[in-house]
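Fold and contact review
One letter stands for each residue in the lines below.
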Amino acid sequence: VVALGSDIQLCTGNPFPTLDAQNSGASFQWFLNGAAISGATQQTYTPSAAGTYMVNVSVGSSCLGIDTVEVTVNPNLVITLPANQ
């Protein structure tokens, strides 16, 4: 079983959390928006951009599971208050 958890919402400038496939002793391949991420073959992966991340976990030729998580980066809000009159 692979469980990356809930989708992630960040504000601009906040660090990306590390994603963990939670299956030691297996093989891993991480994807961003459907494309394999070169060299991303460890149990954990720290994103560097917004998008849909997927991990494929396998042992030998047997797939143990696939899971996805959406990482969204929201712009910081700027609130302008009117000047006192």
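Relevant structure appears above.
None of the values given here were measured: they were computed from a predicted structure.

1. What about a nonpolar patch on the surface?
Residues Leu 77, Ile 79 and Leu 81 make up a contiguous nonpolar surface patch of about 430 Å² in total accessible area. Here Leu 77 lies in the segment after β7 (62-74).

2. Observations regarding the environment of Val 59
Of note, Val 59 is situated in strand β6 (residues 51-59). For Val 59 and Ala 40, which are 19 residues apart along the polypeptide, the C-alpha to C-alpha distance reads 16 Å. When sequence neighbours within four positions are dropped, the list of residues in contact with Val 59 reads Gly 25, Ala 26 and Leu 64.

3. Quick word on the environment of Cys 11
Tracing the backbone shows Cys 11 in strand β1 (residues 8-11). Judged by its relative accessible area of 36%, Cys 11 is partly exposed. With 44 residues separating them in the primary sequence, Cys 11 and Val 55 have C-alpha atoms 24 Å apart. With residues near it in sequence (within four places) discarded, Cys 11 still touches Val 73, Asn 74 and Asn 76.

Definitions and cut-offs
Residues numbered from 1 in each chain as written. Predicted model: local features only at pLDDT ≥ 70, side-chain atom pairs only at ≥ 80, totals over all residues. Heavy atoms only, no water. Patch = residues over 30% accessible without salt bridge, like charges linked within 9 Å, V, L, I, M, F, W, Y side chains within 5 Å. Areas by Shrake-Rupley, 256 points an atom, 1.4 Å probe, with all protein chains shown as cover. Salt bridge = Lys/Arg side-chain N within 4 Å of Asp/Glu carboxyl O. Helix = DSSP H or I, 4+ residues; strand = E, 2+ residues; numbered from the N terminus. Contact = heavy atoms within 4.5 Å. Buried < 20%, exposed > 50% of the residue type's maximum accessible area, 1.4 Å probe, protein only.

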